[in-house]
Amino acid sequence: MKNVIVIIDGKEVETLSGTTILEAAKNVGIRIPSLCYMNIPEIGFKNDCASCRICVVEVVGRKNLVPSCATPVIPGMIINTNTMEVLEKRKNVLELILSNHPTDCLICAKNGKCDLQNLAMEFGIRDVRFKGKIFKYRREISPSIVRDLDKCIMCRRCENMCNNIQKCEVLSAINRGFKSVVSTAFELDLDKTNCTFCGQCVAVCPVGALYEKDYTWGLVKDIANPRKRVTVQVAPAVRVALGEEFGYEPGTDVTGKLVTALKRLGFDDVFDTNYAADLTIMEEAAEFKQRLEKYINGDKNVKLPILTSCCPAWVNFIEYHYPDMLDIPSSAKSPQQMFGAVLKNIWAPARGIKRDEIINVSIMPCLAKKYEASREEFFTDGIPDVDYSISTRELAHLLKQSSIDLSKMEESEFDNPLGYSTGAGTIFGRTGGVIEAATRTLYEWMTNETLEEVNFKEMRGMESIKITEVKVGDIVLRIGIANGLSAARDILDKVKLGEEMFHAIEIMACKGGCVGGGGQPYHHGNFEKVIKRAEGLQRIDDGKIFRKSHENPYVQSLYEKYLEYPLSSEAHRILHTKYYSKKAEK
């Protein structure tokens, strides 16, 4: 592609042909305000529908102002981004958007983090001259996501993410004129659609039209209740993202400070979900080994490829879209649910604590974890294994509200036995990590040899689909890794059509894995933050003494005392689950 020369605000700029005015200006440090625009080239996401018109600029020789996000540069183009006419028109557009937008900013979930609010402050809006008609929509509250369509500004980011990146096809524009919003078909609730609750729509929404269901005040009430023993488990991806809310660089490991902060909040026991990730590998690798040995011995009925089952959004996806393939995912519960099951079925009874006296809270990077905790199969006698899940963002807000500055915390350790983990448990938080962890254990179990080189670097990276082969004894394993739900659809379709054969496939719903989850600190289109979080997890793994899940001494002790061995009847009862077709629920 050839370079072209244009003039932006009197400055000669050389840029690639086809580049938009907004991008060309950004590349030379000229900021053009925008609202609907978002570009994440690392994952193929570009929202340039030009619906908001905030980014209009003047092009000399053209009669009208043009949207810079959707107008490509041409040779010799002269562009003015900040003339008085441009500023006036942007202010008019902003006022028109505000004219039919609710004014309850003080109680809005996005207060302080709203792009529209920030623009109103930037432009010094003190009064709105126009009176638009405000239409009232019902607010939908699901276990994971809240939709407040009164605040939808039709930027179409969520629709683009849902349909083109995640390929869930749940959201689309409905109605016309001032009534236009992005919603579901027939305005169905999310749980009546194909929604997986991955939360990527929330991650890109610039306003308060989409946000997570907040459980923090329920948590405050439980911690304040002296009759409750309140425990917490922390997912791997949280420790390399939470610091961003307190001034740390993305990917900084704040584990020790986080543990101290959680104890300061008042949790009775602070545990690590990574422990349960190691436990998950024990069951998942054993299941993989069992199926693989049957395959090697000529069993034509063995179910391969085995699919990882740690991601609840991915589980929702297969239940909706591939119900005829529900017999191939591992039946192992996710680490969150394994942790809750072990805590309430083994740890608590061993200490004389009744099920209704203990609260288990998970801190997760993922909004689908909220939905997963509410699934009926994870309840016993009406009490859930995991009482509720809060996101990384919710935790950051609660810490600030409690005047707990993470940067000023001393380092401390998780409580044992449910706080110890290997490096393999840590890398669950990035794409490729679960299958790499499983392969480390599978190799030693299949060959009875020590795996000296535990780094399967070919399983790492941010590509949508990675395919690799690993020699384990006499067999060469063909492994697929799907990074995001659109990649999951592509790889599963090929398996169904017989175009590809795999022994195992890892699938994570969110691009980058859990580090890019819908409950993480907002990246605002800067995917480099997600990449740095993944690198942070890898540094933690690299620094661990034990890097294979089956080396975890506390997991070994759990089997010796309670579960006997992986895939035992007791292990199946506590650590495994079933999947259900949701096709008929559409």
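1. Brief notes about empty space enclosed by the protein
Enumeration according to the criterion identifies nine cavities of 30 Å³ or more in this entry. Its boundaries defined by the atoms lining it, the largest cavity holds a volume of some 290 Å³. Together, 26 residues line the largest cavity, and Cys310, Cys311, Lys369, Phe428 and Cys514 are the ones closest to its centre. Secondary-structure elements contributing two or more residues to the lining of the largest cavity are helix H8 (273–296), helix H9 (312–321), helix H10 (335–350) and strand E22 (504–508). Ranked by residue count, the leading element in the lining of the largest cavity is E22, at three residues. Across the lining of the largest cavity, the residue classes tally to 18 nonpolar, six polar and two charged.

2. Concerning unusual backbone geometry
Note that the residue after Leu304, namely Pro305, is joined by a cis bond; omega there is 5 degrees. Inspection of the secondary structure assignment puts Pro305 in the loop between H8 and strand E15 (306–307). The amide bond that connects Asn416 to the next residue, Pro417, takes the cis arrangement and shows omega of 15 degrees. Among the structural elements, Pro417 can be located in the loop between helix H12 (392–401) and helix H13 (423–426). Its identity is not glycine, yet Arg53 carries a phi of approximately 65 degrees, on the positive side. Structurally, Arg53 can be placed in the loop between strand E4 (45–47) and strand E5 (56–59).

3. Considering a nonpolar patch on the surface
On the surface, Tyr295, Ile296 and Met501 cluster together into a nonpolar patch covering about 270 Å² of accessible area. Tracing the backbone through its elements, the reader meets Met501 in the loop between helix H15 (485–496) and E22.

4. Notes on the state of the cysteines
A disulfide bridge is the covalent bond that connects two cysteines by way of their sulfur atoms. Taken as a whole and judged by the stated rule, the model has zero disulfides. Counting only cysteine sulfurs, Cys69 is the nearest neighbor of Cys55, a cysteine outside any disulfide, at a range of 3.8 Å.

5. Structural notes on the environment of Glu58
Relative to the elements of secondary structure, Glu58 occurs in strand E5. For Glu58, a relative accessible area of 21% corresponds to the partly exposed category. Along the backbone, Glu58 and Asn80 are 22 residues apart, and their C-alpha atoms lie at a distance of 5.1 Å. Aside from chain neighbours lying at most four places away, what touches Glu58 is Leu65, Ile78, Ile79, Asn80, Thr83, Glu85 and Val86. In this structure the side chain of Glu58 is engaged in a polar contact, spanning 2.6 Å, whose partner is the side chain of Asn80.

6. A word on a negative patch on the surface
A contiguous patch of negative charge on the surface is contributed by Asp253, Glu410, Glu411 and Glu413. As for its position among the elements, Asp253 is in the loop between strand E13 (229–234) and helix H7 (255–265). The exposure class of Asp253 is partly exposed, given its relative accessible area of 38%.

7. Concerning the packing of H8 against H10
Direction vectors running N to C along H8 and H10 enclose 100 degrees, while the axes themselves pass 8 Å from each other. Relative to H10, H8 is oriented roughly perpendicular. In this structure, H8 uses Thr273, Ala276, Ala277, Leu279, Thr280 and Glu283 to contact H10, whose residues at the interface are Pro335, Gln336, Met338, Phe339 and Val342. Of the residues contributing to the contact of H8 with H10, the split by class is seven nonpolar, three polar and one charged.

Conventions adopted
Residues numbered from 1 in each chain as written. Predicted model: local features only at pLDDT ≥ 70, side-chain atom pairs only at ≥ 80, totals over all residues. Heavy atoms only, no water. 1 Å grid on protein atoms, 1.4 Å probe; cavity = no way out; pocket = protein on both sides within 12 Å on 5 of 7 lines; lining within 4 Å. Points joined across faces, edges and corners; volume = space filled by probe spheres on them. Helix = DSSP H or I, 4+ residues; strand = E, 2+ residues; numbered from the N terminus. Nonpolar A, V, L, I, M, F, W, Y, C, P; charged D, E, K, R; others polar. Patch = residues over 30% accessible without salt bridge, like charges linked within 9 Å, V, L, I, M, F, W, Y side chains within 5 Å. Areas by Shrake-Rupley, 256 points an atom, 1.4 Å probe, with all protein chains shown as cover. Salt bridge = Lys/Arg side-chain N within 4 Å of Asp/Glu carboxyl O. Disulfide = S-S within 2.5 Å. Buried < 20%, exposed > 50% of the residue type's maximum accessible area, 1.4 Å probe, protein only. Contact = heavy atoms within 4.5 Å. Polar contact = N/O pair within 3.5 Å; in protein donor to acceptor, adjacent residues only side chain to side chain. Lys, Arg positive; Asp, Glu negative; His and termini not counted. Charge placed at Lys NZ, Arg CZ, Asp CG, Glu CD. Axes fitted to C-alpha atoms, helices over the stretch in contact; angles between N-to-C directions. Parallel < 35°, antiparallel > 145°, perpendicular 65-115°, else oblique.

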